[in-house]
Structure formats: C-alpha cells, structure tokens
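# A structural walkthrough
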There are 2 protein chains.
Amino acid sequence: MTTHGEGSLKKVFRDNQLKATPQRLDVLKLLMTCSEHLDAEEIYQRLLKKKKNVSRATIYRTLEVLVEHDFVRKLDFGDGRMRYEQNQNPEEHHDHMVCQVCGKVIEFYNPKIEDLQELVAQNHNFVMLSHTMHIYGLCSECAEGHNGNE
Amino acid sequence: MTTHGEGSLKKVFRDNQLKATPQRLDVLKLLMTCSEHLDAEEIYQRLLKKKKNVSRATIYRTLEVLVEHDFVRKLDFGDGRMRYEQNQNPEEHHDHMVCQVCGKVIEFYNPKIEDLQELVAQNHNFVMLSHTMHIYGLCSECAEGHNGNE
DNA sequence: TTTTAATTGAGACGCATTATCATTTGGAAG
DNA sequence: CTTCCAAATGATAATGCGTCTCAATTAAAA
C-alpha cells in the first residue's frame, strides 16, 4: 500500500517540476526505507557504502527540497545537527522523546496534546503552521542503569 | 518582590562557588530585566552599548553557567542560534509560539498539556528531565497582513 | 597585603551548513 | 535519436555559531 516502486519515486520529483536525478532518488529511497532519524552525514556515509555517486552538498540540497515539499521532516534534537525522517502522512503528526544518555528516539502520538496545541494557538489568534514537542530525559533502559540495577 | 539589588545578584553566584565578576553580574542583570529572548550576540551588543567591559567568550561561558544553575533557560527556535530567557520560577514552566514572519515570541502556559506530557513519559517508562513545545506559524498581526487587510 | 585558583579576553579552531562556480545532465522539443 | 538549456551536481571555499587555548588578570580567602 505505501510501498512504491522506482517509478513512483520519480513521480514524486517530476510532479513538483524537479528533475528526478539518481542522487535525489537515492536519498529519498533511503529515507523511505529507514525508521531511524539520520543526519546529513549519516545519509552521506550510507550512500557511499552502497557505492552511490553523491556529494555532501547534494545531500543537503536534496534534503532541503524534500522538506520544502513535505516528503521529509527536519528535526532538531538540540545536539547541533539536524535529523531527517520520512513524512508519509503529514496528517498524522507525531512527537519525540529523546534519551540524553543513549540517544534513542521514541516517537509518540497523543491526540489530546494535538488538540490542546491547536486550541492554544486559536486563543492567541495565532495561525499554527507546524509545531514540535520534545521530551528529554532517560529512556527506560538507561534509567534502570542509574538506579543501580545494572 | 522579585526585584533584587546588586548584592543579591552577587549572592546568586557566590552561593554556587562562583566568583561574582562584573561581567557575570552584567549578563545576569540584563537577562533579569529583559522580557525578550536574546541570543548571545544581542547580549554582547547591548552590553557593549552600555560601555560594559566584556568579551563574546565570557558571554557564552556565563550563559552556560547560568543555564547549568537554572537561572536561565536556553531556547532553540530552530533558526541556528540559541536564545536565552530568565527562569525565575523553574516550577512554572511555559512554552513558546514563534511567528515565522516577524519573529515575535509569545509565551503561554497550559497545565493540561504539562500533565499530558508527564503522562506520556510515564507510559513509556521514560524519566522526563525537561521538555520543550514550540508552535510555529503566524501571529495575529502578521496573519492579518496575509489576508489582504493591509 | 599576599596568594592562588578562578576568570577573562583575544583569537584560533571545530563543525554543520550554505554559497560559489565550472561542469554535467535530465528531459523537453524537434 | 540528436540538440539544447535550465536545472542539478561536485569540489571546495566561505559562513556562522559556538567552543577551546593560553597568557594575563582578578576575586576573595588567608
């Protein structure tokens, strides 16, 4: 259902007056088949490992394009570099919990919070275009370690 | 009530085994009497204008110290530089709406959202240490402009 | 005062990202 | 299948925020 062939990936770009170059297809395909939250350098290294012909500059430019067109979400977890994740259903917004010990990222969705955010914005006559919520702390595994149960 | 004299500002540092230098006092005093969300460069420029003797490096170091001790909150609105705000009552957490046109920052507090955040964390056995919520979009004034009421 | 560890200033440095520009290429038109 | 050109790429220089280094200064304890 959400599985697309090479052809449909090309369509993604062509439908937006963008050339469907091999480099763009490689970046998009990688993000579409990856559940992690990669940064630009990680994307670059993974494509290199797959013998793909691509440069860092193109990675950044492609990511910019993908974000502009809502195919990819750009995330800032406050560690000095941006991360990217696929954004298949822009309707189905989710937020993130980031473990400050192991770096693990847990996604969650809470409709009540979503509704309250919209409400808060309305109360201030603010037109909400996007929003982010990050919870920082210790994931269950790392919290155990800190309790001395190692 | 929340107005402190020079003496009490010095106490803030001395109570934490930190020297109460003029530079530190200047930075802290500026943040304590400023409702805006300044970045390091803006703080530096404002102190220069007041003929204060301070360097950029010291601004950054002082901010780091103030954040560590919870006197100041470090905020990331995703535009590539950090902003700082006073943090008088760490209990009373608030979040931010950022206008992407004029850059205005509106603070808001919603206890229900706070509770739900804590709940979500607990459901994942996640120990929440801090959290941020940012709503991006258009403030009421800038939204009017976009409706053609200019 | 003397003393010393903490702090400062100036600038070098690091790192993620963006800009530049000559070269290449996707894909539309013929 | 060629021609053609705007769009895209690669290599690398440049940018900008923030951190680090280290010699000189200073807060504040003795």
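Scroll up to find the structure.
Residues numbered from 1 in each chain as written. Chains lettered and ligands numbered in written order. Predicted model: local features only at pLDDT ≥ 70, side-chain atom pairs only at ≥ 80, totals over all residues. Heavy atoms only, no water.

## Structural notes on the protein's contact with DNA strand D
Around DNA strand D sit 21 residues in total, of which A:T21, A:R24, A:T58, A:R61 and B:M82 are the nearest. Sugar and phosphate atoms constitute 68% of the interface atoms of DNA strand D, taking the interface as everything within 4 Å of the protein. The side chain of A:T21 places a nitrogen or oxygen atom 2.6 Å from a phosphate oxygen of DNA strand D. A:S55 places a polar side-chain atom, nitrogen or oxygen, 2.9 Å from a phosphate oxygen of DNA strand D. Of all the secondary structure elements, the ones that give two or more residues to the surface near DNA strand D are α2 (22-32) and α4 (56-68) of chain A together with α4 (56-68) of chain B. Grouping the constituent residues of the surface near DNA strand D by class yields eight nonpolar, six polar and seven charged. (Near = heavy atom within 4 Å. Polar contact = N/O pair within 3.5 Å; in protein donor to acceptor, adjacent residues only side chain to side chain. Helix = DSSP H or I, 4+ residues; strand = E, 2+ residues; numbered from the N terminus. Nonpolar A, V, L, I, M, F, W, Y, C, P; charged D, E, K, R; others polar.)

## Re the sheet that holds strand β1 (residues 38-39) of chain A
Residue and element names in this part refer to chain A. Spatial ordering of the open sheet is given by β1-β3-β2, a layout of three strands whose pairing is antiparallel. Only two strands of the sheet have a single partner each, and these edge strands are β1 and β2 (72-76). Two elements, β2 and strand β3 (residues 82-86), share five bridges in a ladder whose sense is antiparallel. From the neighbouring strand, L75 faces β3, where its bridge partner is R83. (Pairing = 2+ DSSP bridges.)

## So, the pairing of β3(A)
Residue and element names in this part refer to chain A. Pairing geometry for β1 and β3, over two bridges, is antiparallel. In the strand pairing of β3, L38 is matched with Y84. The antiparallel hairpin formed by β2 and β3 contains five residues in its connecting segment, where G78 sits at a positive phi of about 80°.

## Regarding the pairing of strand β5 (residues 105-108) of chain B
All names here are of chain B. Residues I106 and F108 of β5 are buried on one face, while the alternating residues V105 and E107, pointing to the opposite face, are not. Looking at chain direction, strand β4 (residues 95-99) and β5 are connected through four bridges and run antiparallel. Following the sheet pairing, H96 is matched in β5 by E107. As consecutive antiparallel partners, β4 and β5 are separated by five residues, and within that stretch G103 has a phi angle of approximately 85°, a positive value. (Buried < 20%, exposed > 50% of the residue type's maximum accessible area, 1.4 Å probe, protein only.)

## Examining the pattern of salt bridges
The tally for this structure, following the rule as stated, stands at 18 salt bridges over all chains. Here B:K52 ties to B:D26 by a salt bridge, and the two come within 3.7 Å at their closest N and O atoms. Within this pair, whereas B:K52 is found in the loop between α3 (40-49) and α4, its partner B:D26 is found in helix α2 (residues 22-32), the two being separated by 26 residues in sequence. Of the residues examined, B:D26 reaches a relative accessible area of 15% and is grouped as buried. Here the salt bridges share partners, and the residues they tie into one network are A:D39, A:D79, A:R81 and A:R83. (Salt bridge = Lys/Arg side-chain N within 4 Å of Asp/Glu carboxyl O.)

## Structural notes on the protein's contact with DNA strand C
Around DNA strand C sit 20 residues, and of these A:R14, A:M82, B:T21, B:R24 and B:T58 come closest. For DNA strand C, the fraction of atoms within 4 Å of the protein that belong to sugar or phosphate moieties is 67%. One of the backbone N or O atoms of B:K19 is found 3.2 Å from a phosphate oxygen in DNA strand C. B:R61 has a polar side-chain atom sitting 2.7 Å from a base nitrogen of DNA strand C. Taken together, the elements giving at least two residues each to the surface near DNA strand C come down to α4 of chain A together with α2 and α4 of chain B. Here the residues of the surface near DNA strand C sort into seven nonpolar, six polar and seven charged.

## Examining unusual backbone geometry
All names here are of chain B. Phi at K51 is positive, roughly 60°, even though this residue is not glycine. Within the element layout of this structure, K51 appears in the loop between α3 and α4. Residue K51 is classed as exposed on the basis of its relative accessible area of 76%. Located in the positive-phi region is N125, a residue other than glycine, with phi close to 50°. What makes N125 exposed here is its relative accessible area of 55%.

## Thoughts on empty space enclosed by the protein
Residues and elements named next belong to chain B. By the definition in use, this model includes one cavity of 30 Å³ or more. As a volume, the largest cavity reaches approximately 30 Å³. What lines the largest cavity is simply R73, L75, H93, H94, D95, H96, H131, T132, M133 and H134. Of all the secondary structure elements, the ones that give two or more residues to the lining of the largest cavity are β2 (72-76), β4 and β6 (127-138). A per-element tally of the lining of the largest cavity places β6 first, with four residues. Residue classes in the lining of the largest cavity are distributed as two nonpolar, six polar and two charged. (1 Å grid on protein atoms, 1.4 Å probe; cavity = no way out; pocket = protein on both sides within 12 Å on 5 of 7 lines; lining within 4 Å. Points joined across faces, edges and corners; volume = space filled by probe spheres on them.)

Any functional reading would require information that these geometric values do not contain.
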